[in-house]
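# Observations on the three-dimensional arrangement
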Amino acid sequence: MIDWIQIFSNAAQELISPTTAAYALAALGLAIHFGYTGLLNFGQAGFMALGAYGFAISTLTFGFPVWASVLVGIGASVVFALILGIPTLRLRADYLAIVTIAAAEILRLIFTTNTFDDVTGSASGLQGYKGGIAALNPIPPGTYGFGPFTYNAYDWWIRILGWTVVILAALFTWSIMRSPWGRVIKGIREDEDAVRALGKNVYSYKMQSLILGGVFGTLAGMIFILPRAVVPANYQTSLTFFIYAILLLGGAATILGPIVGSMIFWVLLSFFSGFMARAVEAGWFPFMTQVQAGQLRFILVGIAIMLLVVFRPQGIFGNKKELSFVR
Amino acid sequence: MSDNGTPTTPVKTTGLHVGEPAPGVKKVDPIIVADGVKRTFGGLTAVDVAHVEIPRGAITALIGPNGAGKTTFFNLLTGFDKPDEGKWEFDGRSLAHVPAYRVARMGLIRTFQLTKALGLLTVLDNMKLGAKQQTGENLFRSVLPFLWRKQEEEIEEKAKEILTRFKLDAKQEDYAASLSGGQRKLLEMARALMSDPTLVMLDEPMAGVNPALTQSLLDHILDLKSQGMTVLFVEHDMHMVRHIADWVIVMAEGKIVAEGDPHEVMSDPAVIDAYLGAHHDADLGDSDDEHVHAMKELIDDEQ
Ligand SMILES: Nc1ncnc2c1ncn2[C@@H]1O[C@H](COP(=O)(O)OP(=O)(O)O)[C@@H](O)[C@H]1O
Ligand SMILES: [Mg+2]
């Protein structure tokens, strides 16, 4: 029979998992880009890859301490944002979309190719970079928690670390978006020529937004690799689309939307995959193999998101009033 | 001020030019001087202005048939478009290669033919965005509200004052998208005033505005002059032009074809030619569009 307790407990774990935190932070970066500024960045996976590889390579190849490795990742994403933004932010919005989607793929292929195997580990990726983070862990060794939320010291540490970064980033975003800076940013989303006519350097604001949201993506990429290894196949374009799904689920121009959206996304995904795997095992779907069941969860999540978007198009936290004016 | 809605007879500014009125005539005190400004789109010459001066402290109307190049000329003057050649200056400073946002900071603020209210910002936020030199618009200072809170309060006070003058104060918390077409034109003009401009350029401020609002719009334009600002505006309605303009510049097929006092310029054969010529050729389709658009905004206003 199906072990429902196990399915629900696995799903519940996703609520606070570091992966959920990473997706929430990456989605918050996209909220800055798309929800607040109106920039179409389809390369958030590239920013995440830069965080992951920037951190791992700095640690493994150059033996940098944690703080320096983090700074390298951030620096790389600032440079990446400048390279993407300088030629495209003066042009129409769609140019940025095309360039970001291509640039993120180029990054992934560079990390995958055998040419730089010594540094990137090519297709098999990198591991063994977690020592520095583990050494900073103030929690004494042991097992803590209750029910499904029972973890060892390292697992608690990376959860605390990940969610602390998410909360700080959310507070920061909240405070800048209610400031005059945020007003200019939202004005640009509505009509950048109007904002230009009022004496604001639109190009510079768009660049600041691109860099800031990209740095959030990079930090998300670092959180993402704490519970796993760095594998280039994780940074495909589909990653960016999942993050967009989370953003639209929660509400594009909101602070809590990306965070709660990420929780719902991962809980649903875990629930569906757990359920499908066990249902196939129990012979509920005789026409289906385990592998097919694994694919089906994405279809089910897609349907769930479609329903949400149809019945609540502004997202969970979005303002219904705003949507009634969308052209 | 004449915001009580009763029509007033505006005081016309005279003695603006030196010598006989003719295209490119010298002005006593020009605020804008343009020389050889040319803009082509493929084979089409949209603007080809040999020389023009805009008088300071007066209301100048830029008229001409559809497609004459008025909007393109506005775009060139304000840095929203780049000319093929030519130079032009504002207040004695060259504006060639100056980006649009810097032009605005120098005190030359424009509005758009197709209104650009920022729909998903409140009316009040639209206004506040217009204020210049805001400390909180810097990303690093924006996270420290104590650095900008006081300035923000001052800006808000000023915004509310102007909104009251434009009778939009009751709408200040509403999204700009909820305003009618005419109210959006008013908001765009009110927002332009937040930066204390020296020159205000209005592209068809009356187009599609409910007749009930036109008088108030006219009064606001006259107000700008009485507050010491220079106004350059594009308009089709000859009655309005005659009513408020101190000086009229006529464009046709990209060129300045006539200039002068609003009453005299209408009898200039070049002007009659320009308009009749335009009505004889293909431009009728354009103006039909405009009527449809005007009707739409009218219906909008009625709701
Ligand atoms: N971006 C553009 N691309 C091509 N042609 C344009 C563009 N902008 C304006 N034009 C053309 O330039 C001419 C002048 O247009 P415009 O300045 O809008 O006239 P007006 O404002 O006097 O009605 C028109 O023939 C128009 O079709
Ligand atoms: Mg025009």
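Residues numbered from 1 in each chain as written. Chains lettered and ligands numbered in written order. Predicted model: local features only at pLDDT ≥ 70, side-chain atom pairs only at ≥ 80, totals over all residues. Heavy atoms only, no water.

## Details of the site of ligand 1
Residue and element names in this part refer to chain B. Residues in close proximity to ligand 1 include Phe41, Leu44, Ala46, Pro65, Asn66, Gly67, Ala68, Gly69, Lys70, Thr71 and Thr72, which together make up its full environment. In this structure, an oxygen atom belonging to ligand 1 sits 2.7 Å away from a side-chain N or O atom of threonine 71. The protein chains hide 60% of the 560 Å² of surface that ligand 1 would expose on its own. Taken together, the elements giving at least two residues each to the shell around ligand 1 come down to β2 (44–55) and α1 (70–77). Per-element accounting of the shell around ligand 1 gives the leading share, three residues, to α1. Tallied by class, the residues present in the shell around ligand 1 amount to five nonpolar, five polar and one charged. (Near = heavy atom within 4 Å. Polar contact = N/O pair within 3.5 Å; in protein donor to acceptor, adjacent residues only side chain to side chain. Areas by Shrake-Rupley, 256 points an atom, 1.4 Å probe, with all protein chains shown as cover. Helix = DSSP H or I, 4+ residues; strand = E, 2+ residues; numbered from the N terminus. Nonpolar A, V, L, I, M, F, W, Y, C, P; charged D, E, K, R; others polar.)

## Some thoughts on the packing of aromatic side chains
In the structure shown here, the tally under the stated rule is 25 aromatic pairs over all chains. Look at tyrosine 23 of chain A and phenylalanine 224 of chain A: their rings are 6.0 Å apart centre to centre, the planes differ by 50°, and that puts the pair in the tilted class. Of this pair, tyrosine 23 of chain A sits in helix α2 (residues 18–37) while phenylalanine 224 of chain A is found in helix α11 (residues 202–224), placing the two residues 201 residues apart along the sequence. Owing to a relative accessible area of 6%, tyrosine 23 of chain A belongs among the buried residues under this scheme. Under the relative-accessibility criterion, phenylalanine 224 of chain A is labelled buried at 5%. Between phenylalanine 62 of chain A and phenylalanine 64 of chain A, the aromatic rings sit 5.7 Å apart at their centres with planes inclined by 35°, giving tilted as the arrangement. Residue classification places phenylalanine 62 of chain A among the exposed residues on the basis of a relative accessible area of 53%. The exposure class of phenylalanine 64 of chain A is partly exposed, given its relative accessible area of 34%. These aromatic residues form a ring-pair network of at least three members: Tyr23, Tyr53, Phe111, Phe224, Tyr235, Phe242, Phe265 and Trp266 of chain A. The ring centre of tryptophan 174 of chain A lies 4.5 Å from the NZ or CZ of arginine 178 of chain A, which sits over that ring. Sitting above the plane of the phenylalanine 112 of chain B ring, lysine 116 of chain B keeps its charged end 4.9 Å from the centroid. (Phe/Tyr/Trp six-rings, centres within 6.5 Å; stacked < 30°, edge-to-face > 60°. Buried < 20%, exposed > 50% of the residue type's maximum accessible area, 1.4 Å probe, protein only. Lys NZ or Arg CZ within 6 Å of the ring centre and 35° of its normal.)

## A look at the interface of chain B and chain A
Tallying the contact residues gives 31 residues for chain B and 29 residues for chain A. Here chain B meets chain A over a buried area of about 2800 Å², counting both sides, of which 66% is carbon and sulfur. Linking chain B with chain A are four salt bridges, by the criterion used here. The shortest N-O distance in the salt bridge between lysine 200 of chain A and glutamate 137 of chain B comes to 3.1 Å. Viewed at the interface, chain A and chain B are joined by eleven residue pairs in polar contact (both at pLDDT 80 or more). Within the residue set of the side of chain B that touches chain A, elements represented by two or more residues are α2 (100–105), β6 (108–110), α3 (123–129) and α4 (139–142) of chain B. (Contact = heavy atoms within 4.5 Å. Buried area = accessible area lost by both parts, 1.4 Å probe. Salt bridge = Lys/Arg side-chain N within 4 Å of Asp/Glu carboxyl O.)

## Observations regarding unusual backbone geometry
Negative phi is the rule for most residues except glycine; trans is the rule for most peptide bonds. Residue and element names in this part refer to chain B. Although it is not a glycine, histidine 97 sits at a positive phi angle of roughly 65°. Topologically, histidine 97 is positioned in the loop between β5 (93–94) and α2. Backbone geometry at glutamate 253 places phi at a positive 50°, although glycine is not the residue there.

## Focus: the sheet that holds β2 of chain B
Residue and element names in this part refer to chain B. In space, the four strands of this open sheet follow the order β2-β1-β4-β5, with antiparallel pairing throughout. Every interior strand has two partners, whereas the edge strands, β2 and β5, have only one. Note that strand β1 (residues 30–41) and β2 share ten bridges and pair antiparallel. The residue bridging lysine 38 from the neighbouring strand is aspartate 48, located in β2. (Pairing = 2+ DSSP bridges.)

## Considering a nonpolar patch on the surface
A surface patch of nonpolar side chains, amounting to about 530 Å² of accessible area, comprises Ile299, Ile303, Leu307, Val310 and Phe311 of chain A. Along the chain, the position of leucine 307 of chain A falls in helix α14 (residues 290–311). (Patch = residues over 30% accessible without salt bridge, like charges linked within 9 Å, V, L, I, M, F, W, Y side chains within 5 Å.)

## Looking at helix α13 (residues 256–281) of chain A
When the terminal C-alpha atoms of α13 of chain A are compared, their 37 Å separation across 26 residues agrees well with the 38 Å that a helix rising 1.5 Å per residue should span. Taken from the residues just after α13 of chain A, glycine 283 of chain A is the one with a positive phi, measuring 80°. (Expected span 1.5 Å × (residues − 1).)

## Side note on the coordination of the magnesium ion (ligand 2)
All names here are of chain B. Ligation of the magnesium ion (ligand 2) by protein atoms is provided by Thr71 (OG1) and Gln113 (OE1), these donors lying 2.0 to 2.2 Å from the ion. Within this pair, whereas threonine 71 is found in helix α1, its partner glutamine 113 is found in the loop between β6 and α3, the two being separated by 42 residues in sequence. When its relative accessible area of 27% is taken as the criterion, threonine 71 is described as partly exposed. (Donors = N, O, S within 2.8 Å, 3.2 Å for Na, K, Ca; no water.)

## Focus: the environment of valine 291 of chain A
Residues and elements named next belong to chain A. You can see valine 291 is positioned in helix α14. With relative accessibility at 64%, the residue valine 291 sits in the exposed group. Placed 186 residues apart in sequence, valine 291 and glutamate 105 show a C-alpha to C-alpha distance of 26 Å.

## Overview of the domain arrangement of chain B
Residues and elements named next belong to chain B. When the domains of chain B are assigned, the result is domain 1 (13–117 + 196–265) and domain 2 (119–178). Using only C-alpha atoms to locate each centre, domain 1 and domain 2 end up separated by 28 Å. The interface of domain 1 with domain 2 comprises seven residues on the first partner and seven residues on the second. Across the domain 1 to domain 2 interface the summed buried area is about 570 Å²; carbon plus sulfur atoms make up 45%. Sorting the residues of domain 1 by area buried against domain 2 places Ala117, Asp196 and His220 first, and these three jointly supply 68% of that buried surface. Where domain 1 touches domain 2, the interface holds one salt bridge. Where aspartate 196 meets lysine 158, a salt bridge forms, and the shortest distance between an N and an O atom there is 2.9 Å. (Domains from an automatic or database assignment.)

## A short note on the sheet that holds strand β3 (residues 59–63) of chain B
Residues and elements named next belong to chain B. Strand order in the open sheet made by the six strands is β6-β7-β8-β3-β9-β10, with mixed pairing throughout. Strands at the two margins of the open sheet, each flanked by one partner only, are β6 and β10 (255–260). On average, each strand axis in the sheet is tilted by 20° relative to the strand beside it, whichever way the strands run. Here strand β9 (residues 247–252) pairs with β10 via five bridges, running antiparallel. Bridge assignment links isoleucine 249 to a residue of β10, and that residue is glutamate 259. (Axes fitted to C-alpha atoms, helices over the stretch in contact; angles between N-to-C directions.)

## Quick notes on the confidence of the model for chain B
All names here are of chain B. In this model, chain B carries a mean pLDDT of 85, and residues with pLDDT of at least 70 account for 88%. Every residue in residues 1–5 is under pLDDT 50, and counting partners more than four places away or in other chains gives nine contacts. When the criterion is pLDDT under 50, residues 279–289 qualifies, and its contacts beyond four places in sequence or with other chains add up to five contacts. Predicted complex metrics record ipTM = 0.87 and pTM = 0.90. (pLDDT = per-residue confidence, 0-100.)

## Describing the packing of α2 of chain A against helix α8 (residues 153–177) of chain A
All names here are of chain A. Interhelical geometry of α2 versus α8 gives an angle of 15° and a closest axis separation of 8 Å. As far as their axial angle goes, α8 and α2 are roughly parallel. Crossing hand, α2 versus α8: left-handed. Along the contact surface, α2 presents Pro18, Thr20, Ala21, Ala24, Leu25, Leu28, Ile32 and Tyr36, while α8 presents Ile158, Arg159, Gly162, Trp163, Val165, Val166, Ala169, Ala170, Thr173 and Met177. Looking at the contact of α2 with α8, its residues break down into 14 nonpolar, three polar and one charged. (Parallel < 35°, antiparallel > 145°, perpendicular 65-115°, else oblique. Left-handed = near helix turned anticlockwise from the far one by under 90°.)

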